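Spelled out from the first residue to the last, the chains are:
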Amino acid sequence: METTKRCFRVDRRQISYVKFILEAYDNVAVMSTLDSREAVIQVTIAPGCETMVDGIIQGLAGEIGVMPVEGAPAAGMSGKQAIRMPDKMKQVEIEPKGSLFQMKEKLLYISTIGCQMNVYDANQIAGVLAPMGYTGTDTIESADMVIVNTCTIREKAEQKAFSFLGRLAKIKSANPSLIVAVGGCVAQQEGDAILKRMPHVDLVFGTHAIFRLPEMVRRIESSRCRIVDVRMSDTIEFDAPVDGPLTDGQISAFVTIMRGCDNYCTYCVVPHVRGREASRHPDRILEEIRMRVDRGVREVTLLGQNVNSYGNKEGLCSFSELLARVNGIEDLGRIRFTTSHPKDLSDELIDAFGRLEKLCHHMHLPVQSGDDEILKRMNRRYTRSAYLEKIDRLRAVCPDIAVTSDFIVGFPGETDRQFQATLDLIETVRYDGVFAFMYSDRPNAPATAFSGKIDEPTKKRRLQALLDLQGRITREKHQAMVGQIRRILVEGPGREMESGDADMASSRVQWTGRSSSNHIIHFAVPEAQRDKKELLTGAFADIMIEGAYAHSLRGRLIDGPIMATPGKGETSVAA
Ligand code: SAM
Ligand code: SF4
């Protein structure tokens, strides 16, 4: 049967969802491709249907600005695809009847190693590939494409990525049509060396190349070529809000507000693999958060390597101003952010903890070391006393604020005395939790060339001493919370308890939520509410803390309302 093809360009910002339905004619298919702002829709038109399709397109043109595209349709466009658009302004429903144009579903497996930034990137990757027919799978064996989203912050993370990639060789030889792609920081760092080292890899894409992925994947699908794209840019070229997939009942999401870093700490690879610091426009950030909130998200974590310098370079608003705008988003319950560089933590931001009711009472403020000489050689540009002053200011403004931090042990030249200064700082601050790492050399990081490297057994011993000390402090702080009431955002059915507990064990349904201070709290659901899952996930509830574990707390849902719309005091469920 002869068909003709037409292409139309649609402004993505104006529509939320395009789905073509042609009741009377079976043979009409729709396909889309996404770049940052627009979707090109290709319509395959069955003989005799031209006039009708033209009529529909003209109708759409009047309403949503659909424009004919000159030239041939893009290669590889066929079948049917529904595309999601960022703004919910119009919903046009036109869908082909019958199975003739059912697009073959393609399965995508993404393996993510590393920080929250990588988790966000994975979501973005899934979002840009969805319009090409890729949907997520949990099994590598069933996948049409595997993407390894890598991290190189420490040596171990990089080794993990290479070992996973190595295992994919066997899977690819059993399934030669599988596309194997490597993204993230290792991809950026190693570039085409990965293609040379690993013949089973088809695509290496760097940290700035995510929006170019659809085009690259299309080329690989059609010609089985091998591609490396590690181009970087000092500014954010594509700033489209991401509407990646949400898992069932997901109530918390990451939103990147800036990328890269200009701080050049001497141990750190980030500026070399994520590029110069660049901030997203606040309007795009707000748009993205609203989109997530519309789909059920109640809590966002704003991400950046140093959120405190958000917008400075571009002359956008300050980070505190951005927080105030996010705070105004209706139906958003909570705001978190990470990471803050201590040197840039402003009084204005500290004061925001006293002002913005949705801002969670938690500050992650990585200090790295408690010794001034080490801090200087790390190029951190603050002193121990300046850091402690900021903690005091935070606690003065927000007395119940939880403070957590990052530490590196065994930095080149670190003496026992200097390490003791770190332990002493931990005793002084009494953190609510810490992440601690053994120093490792990273490519291009200046400390790699520093003398006085610390041997592995000493690093391990210091790491253990630090974790033991913090473990004791955490247990003491958890114990002190017993008897207090904490409001939590309910995340859903919880995991197993950390240790046996008669009350909890007898309660078949255990749930988990987080307090504003980011403490994980497990609780039992009363009999009357056991069938009302949807009423709990994403709601706020008050919990009486009754028990403390090493990494979490246990409590009881206290009598009173559970709030589905936090902050407004409206009740939806009575416990
Ligand atoms: N931008 C944040 C900051 O300034 O603290 C953190 C970025 S980094 C992704 C997370 C943590 O990894 C750092 O805070 C540091 O503790 C650790 N880290 C970075 N480079 C490291 C290295 N070469 N060896 C060990 N740990 C490292
Ligand atoms: Fe790395 Fe320092 Fe930038 Fe954090 S602030 S990403 S540790 S260079």
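What comes next concerns the included structure. Starting afresh in each chain, residues are numbered from 1 along the sequence in its written order. Here the convention is simple: chains get letters from A, ligands get numbers from 1, in the order in which they are written. pLDDT decides what is reported in this predicted model: residues at 70 or higher carry local features, side-chain atom pairs at 80 or more are listed and counted, and totals for whole chains, interfaces and linings draw on all residues regardless. With hydrogens and water set aside, each side-chain value is computed from the structure's full complement of heavy atoms.

Examining the nonpolar core
- By convention a nonpolar core is built from buried Ala, Val, Leu, Ile, Met, Phe, Trp, Tyr and Cys residues, the set being connected through side-chain atoms within 4.5 Å. Relative accessibility decides the category of a residue: with a 1.4 Å probe and only protein chains considered, values under 20% of the type maximum give buried, values over 50% give exposed, and everything between is partly exposed. Among the nonpolar cores identified, the biggest contains 55 residues, and Ile289, Leu302, Phe319, Leu322, Val326, Phe337 and Tyr431 are the most heavily contacted of them.
- Numbering of helices and strands runs from the N terminus, with a helix taken as a DSSP run of H or I at least four residues long and a strand as a DSSP run of E at least two residues long. Per-element tally for this core: the top contributor is helix α13 (residues 416–429), with five residues.
- Residues within four places of Leu302 in sequence aside, it is in contact with Val255, Ile257, Ile289, Val307, Phe319, Leu322, Leu323, Val326, Ile335, Arg336, Phe337 and Thr338.
- Within the second largest apolar cluster, 23 residues are counted, among which are Ala157, Phe162, Val182 and Leu195. Contacts were defined at the residue level, with two residues in contact if any of their heavy atoms lie within 4.5 Å.

Comments concerning the environment of His272
- By the element assignment, His272 lies in helix α7 (residues 270–274).
- Relative accessible area serves as the criterion here: at 29%, His272 is assigned to the partly exposed category.
- When the C-alpha atoms of His272 and Asp262 are compared, they prove to be 9.6 Å apart, with ten residues separating the residues in sequence.
- With near-sequence residues (within four places) excluded, His272 lies in contact with Met232, Tyr264, Asn444 and Ala445.
- Here a polar contact means two N or O atoms within 3.5 Å. Within protein one must be a hydrogen donor candidate and the other an acceptor candidate, and residues neighboring in sequence count only if both atoms are side-chain atoms. Among the polar contacts listed, one links the side chain of His272 to the backbone oxygen of Asn444, at a separation of 3.4 Å.

Section: the sheet that holds strand β22 (residues 485–493)
- Here, a strand pair is defined by DSSP locating no fewer than two bridges between the strands. Read around the closed barrel, five strands run β22-β23-β24-β26-β25, paired in mixed fashion. Adjacent strand axes in the sheet meet at a mean angle of 50 degrees, parallel and antiparallel pairs treated alike.
- Relative to strand β26 (residues 553–557), strand β24 (residues 520–524) runs parallel, the two being bridged by four bridges. Paired with Ala524 across the two strands is Arg556, which belongs to β26.
- Helix axes are fitted only over the stretch in contact, all axes being lines through C-alpha atoms; the angle between N-to-C directions runs from 0 to 180 degrees. Sheet strands touched by helix α14 (residues 456–481): β22, β25 (540–548) and β26. Its angle to β25, the strand with the most contacts, is close to 120 degrees.

Describing the site of ligand 2
- Around ligand 2 sit Cys261, Asn263, Tyr264, Cys265, Tyr267, Cys268, Val270, Pro271, Gln305, His341 and Arg380, and those are all the residues in its vicinity.
- By the convention adopted, Pro, Cys, Tyr, Trp, Phe, Met, Ile, Leu, Val and Ala count as nonpolar, Lys, Arg, Asp and Glu as charged, and the other residues, Gly among them, as polar. When its residues are assigned to classes, the shell around ligand 2 shows seven nonpolar, three polar and one charged. For this description, a residue counts as near a given molecule or strand if any of its non-hydrogen atoms is within 4 Å of it.

Some words on empty space enclosed by the protein
- In this analysis, the protein atoms alone were mapped onto a 1 Å grid. Cavities are point sets where a 1.4 Å probe fits without being able to get out; pockets are open sets with protein on both sides within 12 Å along at least five of seven lines; lining residues have an atom within 4 Å of a point. Grid points are joined across faces, edges and corners, and a volume is the space filled by probe spheres set on the points. Tallying each qualifying case throughout the model produces five cavities of 30 Å³ or more.
- For the largest cavity, the calculated volume is near 340 Å³.
- The wall of the largest cavity is formed by 21 residues, among which Gln124, Thr207, Phe211, Phe238 and Arg259 lie closest to the centre.
- At the level of elements, α2 (116–129) and β15 (258–259) are the ones that each hand at least two residues to the lining of the largest cavity.
- For the lining of the largest cavity, the element with the highest residue contribution is α2, accounting for four residues.
- Its residues assigned to classes, the lining of the largest cavity comprises nine nonpolar, six polar and six charged.

Topic: the site of ligand 1
- Surrounding ligand 1, one finds 15 residues, the nearest of these being Arg154, Gln305, Gln368, Asp406 and Ser440.
- Here a nitrogen atom of ligand 1 and a backbone polar atom of Gln305 are 2.9 Å apart.
- In this structure, Arg380 approaches ligand 1 through a side-chain N or O atom, which is 3.2 Å from an oxygen atom.
- Compared with its free state, where it exposes 570 Å², ligand 1 has 92% of that area covered by protein.
- Class assignment of the residues belonging to the shell around ligand 1 gives a composition of seven nonpolar, four polar and four charged. Where accessible areas are quoted, they stem from the Shrake-Rupley method and a 1.4 Å probe; at the residue level, only the protein chains shown are allowed to cover.

Some remarks on the packing of helix α10 (residues 347–355) against helix α12 (residues 384–397)
- Between α10 and α12, whose axes approach to 8 Å, the crossing angle comes to 30 degrees. If you check the angle between α10 and α12, you find them roughly parallel. α12 is crossed by α10, and the crossing has right-handed handedness. Residue-level inspection shows Asp347, Ile350, Asp351, Phe353 and Gly354 of α10 in contact with α12, the latter providing Lys390, Arg393, Leu394 and Val397.
- For the contact of α10 with α12, a count of residues per class yields four nonpolar, one polar and four charged. Small angles under 35 degrees read as roughly parallel and large ones over 145 as roughly antiparallel, with 65 to 115 read as roughly perpendicular and the rest as oblique. Crossings are classed by handedness, with left-handed meaning an anticlockwise turn of the near helix from the far one by less than a right angle and right-handed meaning a clockwise turn.

Quick word on the sheet that holds strand β14 (residues 252–256)
- Reading across from one edge, β14-β17-β18 is the order of the three strands in this open sheet, with parallel pairing throughout. Each edge of the sheet is formed by a strand with only one pairing partner; in this case those strands are β14 and β18 (334–338). Ignoring strand direction, the axes of neighbouring strands in this sheet form an average angle of 25 degrees.
- Here five bridges tie β14 to strand β17 (residues 299–303), and the two strands are oriented parallel to one another. When the sheet's bridge partners are listed, Val255 is paired in β17 with Leu302.
- Packing against the sheet, helix α8 (residues 282–294) makes contact with β14 and β17, and its axis sits at approximately 165 degrees to β14.

Some thoughts on α2
- Residue count minus one, scaled by 1.5 Å, sets the expected span of a helix. The terminal C-alpha atoms of α2, which comprises 14 residues, lie 20 Å apart, in line with the 20 Å expected from a rise of 1.5 Å per residue.
- In terms of burial, α2 is a largely internal element, twelve of the 14 residues being buried.
- Residues of α2 that are buried include every one of Met117, Asn118, Tyr120, Asp121, Ala122, Asn123, Gln124, Ile125, Ala126, Gly127, Val128 and Leu129, and no others.

Things to note about α8
- Helix length check: α8 (13 residues) gives 18 Å between terminal C-alpha atoms against 18 Å at 1.5 Å per residue, within 8%.
- For α8, the complete set of buried residues consists of Pro282, Ile285, Leu286, Glu287, Glu288, Ile289, Met291, Arg292 and Val293.
- The inward-facing, buried residues of α8 contact α2, β14, β17 and α9 (319–327).
- Positive phi appears at Gly296, one or two residues downstream of α8, with a value of about 110 degrees.

Considering the pattern of salt bridges
- Salt bridges are defined by distance alone: a side-chain nitrogen of Lys or Arg within 4 Å of a carboxyl oxygen of Asp or Glu. Overall, the coordinates contain 33 salt bridges when judged by the stated rule.
- Two residues, Glu427 and Arg472, come together in a salt bridge whose shortest N-O distance is 2.7 Å. Placement of the pair is Glu427 in helix α13 and Arg472 in helix α14, with a sequence separation of 45 residues.
- Of the residues examined, Glu427 reaches a relative accessible area of 34% and is grouped as partly exposed.
- Residues joined by salt bridges that share partners form a network here, namely Glu427, Arg430, Arg472 and Glu476.

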